[in-house]
Every structure is written in structure tokens, then in C-alpha cells.
Amino acid sequence: MPLPNNHHHLYASLRSSTSSSSSSSSHSFISKILLLLTLLPVSLAAIAFILQWRGGVTDPTTLSSTGGSHHYFPGMEPSPLSHLSHSQSRSDCVNLGRTNSPSFPYYHNWKLDFGASLTPKICVTTSTSAGLEQILPWMFYHKVIGVTNFFLFVEGKAASPEVSNVLESIPGVKVIYRTKQLEEQQAKSRIWNETWLAGFFYKPCNYELFVKQSLNMEMAIVMARDSGMDWILHLDTDELIHPAGAREYSLRQLLLDVPGHVDMVIFPNYESSIERDDIKEPFSEISMFKKNYDHLPKDTYFGMYKDSVRGNPNYFLTYGNGKSAARIQDHLRPNGAHRWHNYMKTPNEIKLEEAAVLHYTYAKFSDLTSRRDRCGCKPTKEDVKRCFMLEFDRSAFIIASTATEDEMHKWYNEHVVWGDKDLKIKLLRKGVLTRIYSPMVIVQNLRESGVFSSVIASAPSLSKENFLLSIDSSNSSRAAGAVTLSSRKAGRTKESQTATRRVLSFESAASFHEVAVPPLSPPGEDDNDLISLN
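Residues numbered from 1 in each chain as written. Predicted model: local features only at pLDDT ≥ 70, side-chain atom pairs only at ≥ 80, totals over all residues. Heavy atoms only, no water.

**Regarding the overall build of the protein**
The cut-off we apply is this: Secondary structure elements are defined from DSSP: runs of H or I of at least 4 residues count as helices, runs of E of at least 2 residues count as strands, and each element is numbered from the N terminus. Contacts are residue-level and defined by heavy atoms, with any inter-residue pair within 4.5 Å sufficient. Residue exposure ignores everything except the shown protein chains as possible cover, and the areas themselves are Shrake-Rupley values with a 1.4 Å probe.
Along its length, the protein carries 19 helices and 15 strands. In the protein, the share of contacts with a sequence separation of at least 24, taken over all contacts with a separation of at least 6, comes to 77%. Carbon and sulfur atoms provide 53% of the accessible area of the protein, an area that totals close to 26,300 Å².

**Let's talk about empty space enclosed by the protein**
To keep it simple, the criterion reads: Computed over the protein atoms alone on a 1 Å grid, cavities are sets of points where a 1.4 Å probe fits but cannot get out and pockets are open sets with protein on both sides within 12 Å along at least five of seven lines; a residue lines them when it has an atom within 4 Å of a point. Grid points are joined across faces, edges and corners, and a volume is the space filled by probe spheres set on the points. Each residue gets one label: Ala, Val, Leu, Ile, Met, Phe, Trp, Tyr, Cys and Pro are nonpolar, Asp, Glu, Lys and Arg are charged, and the others, such as Gly, are polar.
The tally for this structure, following the rule as stated, stands at 3 cavities of 30 Å³ or more. As a volume, the largest cavity reaches approximately 90 Å³. What lines the largest cavity is a set of 16 residues, among which Glu271, Lys290, Arg310, Leu317 and Trp418 lie closest to the centre. Counting only elements with at least two residues in the lining of the largest cavity, the list comes to strand 7 (269-272) and helix 9 (305-309). In terms of residue class, the lining of the largest cavity is made up of 6 nonpolar, 7 polar and 3 charged.

**Notes on the pattern of salt bridges**
The following threshold applies: Salt bridge, as used here, is a side-chain nitrogen of Lys or Arg placed within 4 Å of a carboxyl oxygen of Asp or Glu. Each residue's exposure class comes from its accessible area (1.4 Å probe, protein chains only) as a fraction of the maximum for that residue type: buried when under 20%, exposed when over 50%, partly exposed otherwise.
Summed over all chains, the structure comprises 24 salt bridges. Taking the shortest distance from any N to any O, the salt bridge between Glu155 and Lys212 comes out at 3.2 Å. Of the two residues, Glu155 sits in the loop between strand 2 (149-154) and helix 3 (161-168) while Lys212 sits in helix 5 (residues 206-226), which places them 57 residues apart along the sequence. Lys212 gets classed as buried once you look at its relative accessible area, which sits at 13%.

**Thoughts on the sheet that holds strand 8 (residues 288-290)**
Defined as follows: Two strands form a pair only when DSSP identifies at least two bridges running between them. An axis is simply a line fitted to the C-alpha atoms; with a helix, the fit covers only the stretch in contact. Between two such axes, the angle follows the N-to-C directions and lies from 0 to 180 degrees.
Read across the sheet, 5 strands follow the order 5-13-7-8-14 without closing on themselves; strand pairing throughout is mixed. Unpaired on one side and paired on the other, strand 5 (239-242) and strand 14 (433-435) mark the two borders of the sheet. Adjacent strand axes in the sheet meet at a mean angle of 35°, parallel and antiparallel pairs treated alike. Examined bridge by bridge, strand 7 and strand 13 (residues 356-359) share 3 bridges and lie parallel to one another. Residue Glu271 lies in a different strand from strand 13, and its bridge partner there is His359. The sheet contacts of helix 14 (residues 421-430) involve strand 8 and strand 14, and relative to strand 14 the element is tilted by about 85°.

And the structure:
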């Protein structure tokens, strides 16, 4: 039935009104949604800023931690097995976020200069011929963990003007060149005329280096005392201290916790276990290490010995007796490159159960040829004994001297590279191999933050006159040095006795060492019964 005209107009009016109201409501709803979406992230950002400002949230881009927090570098979490103090305090972990202005706990600029109040004061001495690509990551890593001073005895590439000029510009670094004057001075030193070092004279290569290291360490003790140092370590530039077991990733904190009557701290060494043959920057690319005998259960060590050795002469490729730190005190002297001693007493030593020195040995394929090029020995089994103290060094020298490039690569992959995935997993599960990431993280972030490039760029340039003077001062009188070393009147030599291995225990020798402690291999399979009887 048709609607009257007035009803028809009323219906149309209502429908138009309803449509208009619906459209207006829809627009209002969309506007509210857009407003909400705009306000929500702004509000969340404001809340996050307030919480961060008041200390309620940890910035994920930083690796620093404040009092009571539990944010650590990968692989540096405090172990419940550590016997050292773990009381809560403000952490000295560094900020290694990817930023152009790195921040560190002790330092306020890219040079990582240190404050006068930093204690204890720790110095490292080394004898090196490496270039900046190795020395700078090594040095600044140790600055990050609390080392304040470096005494660098340089030769070869390290003594070249372009390298030494950069090193001398870094705060806390003293560069000592192997000049004829230095050799004459060392020939008059106390240890030169003592019998405990005499057995290492008359021999080239590693033996000559061992003597130089000992003489340099003796001089470094005097420099350390004059600089007000509390502790001294001797490290090579392919070694990094791993201060595990302290409540911070800090060598400073680790040594601060050492009781006052302890004279020396032994760091068992872990050896790098590379997983490919094209490593260029070992500190940034290697995370797998083989643990020291001292940090393994005896049954595990001997039970997995054959798998760990993989046909090499010993458990480690090179040395296995670690390095040590000594408290600066009267009558301190070196006892070879791996230990310190005292003229007037038998030092009290402790060996830490978690801290270690990471040894990046044969980490690059080029290490084969570089070792070969530094020694003039004949590649025969008899002659290499005059040059090298350890079996693997002898084998590597012979291969590098007699094999083709392809043969060297094959040998390197068979004896150094860990390519067997199943074997790696097996030894990682047993604890023989371990992953340590902290040094890698620190060095990578130092590099990405521009620390190394900044220190190189800021080094003052040499004038022509200073350049020539630098060359004259850095030239080592190798021939004269060899004659001087060879002319040393040798005393009697005794076999070094194997030290009793105790973890986190105090050790006292029955008498003074009569022979310097050389690099020693870890115990072999034949030592199992001997160790059981002791």
C-alpha cells in the first residue's frame, strides 16, 4: 500500500539523518584510532625514558652493569666454584656498545688513559717483533681489563719508526730498543753471571729469545718499581689474560682479591683451537680453547688424551706450564719467561682454578713460515734441537722448510685445524675444549669503535731528521749481540724438575730454583702413573 506523501518525506528525512549520523560516527572512530596509535608509542617512549633516567631499566646497547645487576660479557659469569670473594659492588665491566665514543670504567677517552686512584697498578712487559695489527689489540684489551703500564722491548718490525712512533704516543707505554748499548748494559746485569740461566746460552732461535726475555724482565722490574707498580706480568703478544673467577671481568679486581702474603699468581694456559685455516685476526676470530691439565679432572684429562692430541707430540702444541704475575717487592727476579722468583726467600704462590692465559699459538697459517724465517737452523731432526725446546715447534719448522705450499696447508689442517665436528662436540661436552667469547667481544668492539685507527691517526708524524734518528736508535746490533751471547761463560745445566700441580693451593719450593723454568709440555700418558704416586 503506497505511503502518503508526508510519510514518504518523513522516511527519507530519517534515512538521510541516520546515514549522516553513521558517517560522522565512523569518521570520529577512525580519528580516535589514529590519535591512539600516535599517542601510544610516544607515551611508551616517555615512560621508558623516565625509567631509564631513574635507573629502572637497563639499556640493551650497553654491557656495563651497575650495583646489584647481573649483566656480564658472554663467558664471564662468576662461577660458583670460585674461592675468591664475590661480594656485590659497582661493576667495572666496560661499555662496548657500537658507538663512536666508547666508554670504559677506568678511562674517559679512546686512549684508555687511567686515573691515579686505580689500584692495584699492574704492568705487563714483553719482548716483541710484531706489527701494530697484533700489538694494538693485545695492548688495548689488557688496558680494558685493568693493566696500566707496558714495557715493550722491541726488535724487527716493532722497532721500525712507523710502528714504534705509534706505540710511544700511547699513555703508559715505554718502548725499549735492542741497541748495542742495551746489550752491553745487560751483559753487566746480575743474572748474566748467574748459573741458573747459563744452560740456555750457546743456542740460537728460541733459546736466544728465552735469554733475551729473561734479561728484559730483569730490567722491567726496575722500571716497574720506579713507576709505582704493584704487580708485573710477562706476556707474549700472542697471549691474553682471561680473568675468570673474579666478580668482574677485570684483572685488577682479580689481583685485588689476592691475599697480601701471596707473592705470585700462576695463570694456567689455555691453547687456541682454530676451526679453519684462514684466520686473519686471531683475537677477533677464535672462541674455542683447549683447557689446561690444571683445570680438568685427572680422569678426564688422561681418559681423553688420545682424542685431544690427534697425533701430535703432546697434549698442547707448545708450552703447557702457564705464566705468572709477581707482586713488586724487594729482591724480585725473573726465573725464565714463565715464572718469577726472589733472591731472599721462597715465594708463596697460588694457582687460580678459573683464570687463565689464552695462548693463540699457530693461529694463522703464516705462523709456520714466520717461525721458519726467524731461524737459520738446518731442517734436520738433530739440528732443530739446537733451536727449539718443544717437539711441535721442531716438526713445524721442518715442514715449513722442506714442504711445498700445498703440502704445508695439508699438514696444517691435519695437525692444527679442528675440522672434525663430531670430535669437537665430544671434547666440548667432556670439558676438554671450551668456548670463551669475552676477549673476542672486547677486541671486536674496540676495533669497531675506532680505537685502533684513532691511536694510529693521532700519533705525531716524524720529521726527516727524527726519522733517521729513529732508524739509528732502533737498529739492533744482531751480530754483536750474537757474539756477546755466545761469549757468555756457561755454567752447569740441570734438568728442570716437574712442579707439583695444585689448583688454588699455596705452593712452596723446598729450595731456590737452580735452573730457569723453560716452556714445558703438559703431562703425557706416561706421566699418569707417576702423578698417581705423588
